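# Fold and contact review
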Amino acid sequence: MLPRAYDSQHCSIAATLEIVGDRWTLLILRESCRGVTRFADFQHTLGLARTVLSDRLARLTEQGLLERHRYQERPERFEYLLTDKGAELWPVLNALMTWGDKHIMADRPPVVVRHNDCGGLIDGHRICRACHRPVELRDVYREPGPGALPVPGRA
């Protein structure tokens, strides 16, 4: 079993895991890619403890994946904006989602990613299945997929 820190590993994967190798960190990045920016919204969507969220946001900010910006002075409140460096992890998140859709969700994804321009589905290589163009994070939107859970209170 690998130790908790990968200091002895001279490897790019191990070095990356030092930054993003925690499930909460990946889920925070997922939410950032979906446009979540505020502490309370991260906490609400993820349901994690304030201390854990504070720690992970600080680490992501320190590593340059998020930028912290004050949006309110009294009381002082901050938002966390995805940087270009952070957005470069979207292909990894998309690949994880695509793998999970296939192997865990039995091809019934809870969320589908579509191309802004034509509405086509995006594959695991970030290619639109309809127009066959490559897409980036800014080129997509998300909607409930065939495996989405029903929203309580809606018929």
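The structure this text deals with has already been given above.
These remarks concern the structure in this document. The structure presented is a predicted model; accordingly, all values stated were derived computationally and were not measured.

Criteria and thresholds
- Residues numbered from 1 in each chain as written.
- Predicted model: local features only at pLDDT ≥ 70, side-chain atom pairs only at ≥ 80, totals over all residues.
- Heavy atoms only, no water.
- Helix = DSSP H or I, 4+ residues; strand = E, 2+ residues; numbered from the N terminus.
- Buried < 20%, exposed > 50% of the residue type's maximum accessible area, 1.4 Å probe, protein only.
- Contact = heavy atoms within 4.5 Å.
- Areas by Shrake-Rupley, 256 points an atom, 1.4 Å probe, with all protein chains shown as cover.
- 1 Å grid on protein atoms, 1.4 Å probe; cavity = no way out; pocket = protein on both sides within 12 Å on 5 of 7 lines; lining within 4 Å.
- Points joined across faces, edges and corners; volume = space filled by probe spheres on them.
- Phe/Tyr/Trp six-rings, centres within 6.5 Å; stacked < 30°, edge-to-face > 60°.
- Lys NZ or Arg CZ within 6 Å of the ring centre and 35° of its normal.
- Expected span 1.5 Å × (residues − 1).
- Arc of directions from axis to C-beta.
- Axes fitted to C-alpha atoms, helices over the stretch in contact; angles between N-to-C directions.
- Parallel < 35°, antiparallel > 145°, perpendicular 65-115°, else oblique.
- Left-handed = near helix turned anticlockwise from the far one by under 90°.
- Nonpolar A, V, L, I, M, F, W, Y, C, P; charged D, E, K, R; others polar.

## A look at the overall build of the protein chain
Each helix and strand in the protein chain was counted, giving 6 helices and 4 strands. Tracing the protein chain from N to C terminus, the helices and strands come up as α-α-α-α-β-β-α-α-β-β. In terms of its C-alpha atoms, the protein chain occupies a principal-axis envelope of roughly 45 × 40 × 30 Å. In the protein chain, buried positions account for 28% of the 155 residues. For the protein chain, the share of sequence-separated contacts (at least 6 apart) that also reach a separation of at least 24 residues comes to 46%. Carbon and sulfur atoms form 52% of the exposed surface of the protein chain, whose accessible area is close to 10,500 Å².

## A look at the layout of surface pockets
By volume, the largest pocket is sized at about 670 Å³. Taken together, 21 residues form the lining of the largest pocket, with L27, R30, L93, L96 and M97 sitting closest to its centre. Among the elements of the structure, α2 (23-33), α6 (90-103) and β3 (111-115) are those that each provide at least two residues to the lining of the largest pocket. Counting residues per element, the lining of the largest pocket draws most heavily on α6, at 8 residues.

## Thoughts on the packing of aromatic side chains
Under the criterion given, the structure shown has 0 aromatic pairs. The ring of Y71 carries the charged tip of R38 above its face, separated from the ring centre by 3.7 Å. We note R68 situated over the ring of F78; from NZ or CZ to the ring centre the distance is 3.5 Å.

## Some remarks on helix α4 (residues 50-62)
Since there are 3.6 residues in each turn of an α-helix, residues three or four apart along the chain are aligned in direction. Between the first and last C-alpha of α4 there are 18 Å, a value that for 13 residues agrees with the 18 Å anticipated at 1.5 Å per step. Among all positions in α4, only L53, R56, L57 and L60 are buried. Seen from one end, α4 has its buried residues packed into an arc of 100°, which puts them on one side. Looking at α4, the residues exposed on the side facing more than 90 degrees away from the buried face are T51 and E62. In this structure, the buried side of α4 is in contact with α2, α3 (39-46), β1 (66-72) and β2 (77-82). Phi for G64, located one or two positions after α4, is positive at around 85°.

## Concerning the packing of α3 against α4
Across the interface, α3 lies against α4 with an axial gap of 11 Å and an inter-helix angle of 120°. Taken as axis vectors, α3 and α4 run oblique relative to one another. Remark: the crossing between α3 and α4 carries right-handed chirality. Across the interface between the two elements, F39, F42 and Q43 from α3 touch R50, L53, S54 and L57 from α4. Considering only residue class, the contact of α3 with α4 consists of 4 nonpolar, 2 polar and 1 charged.

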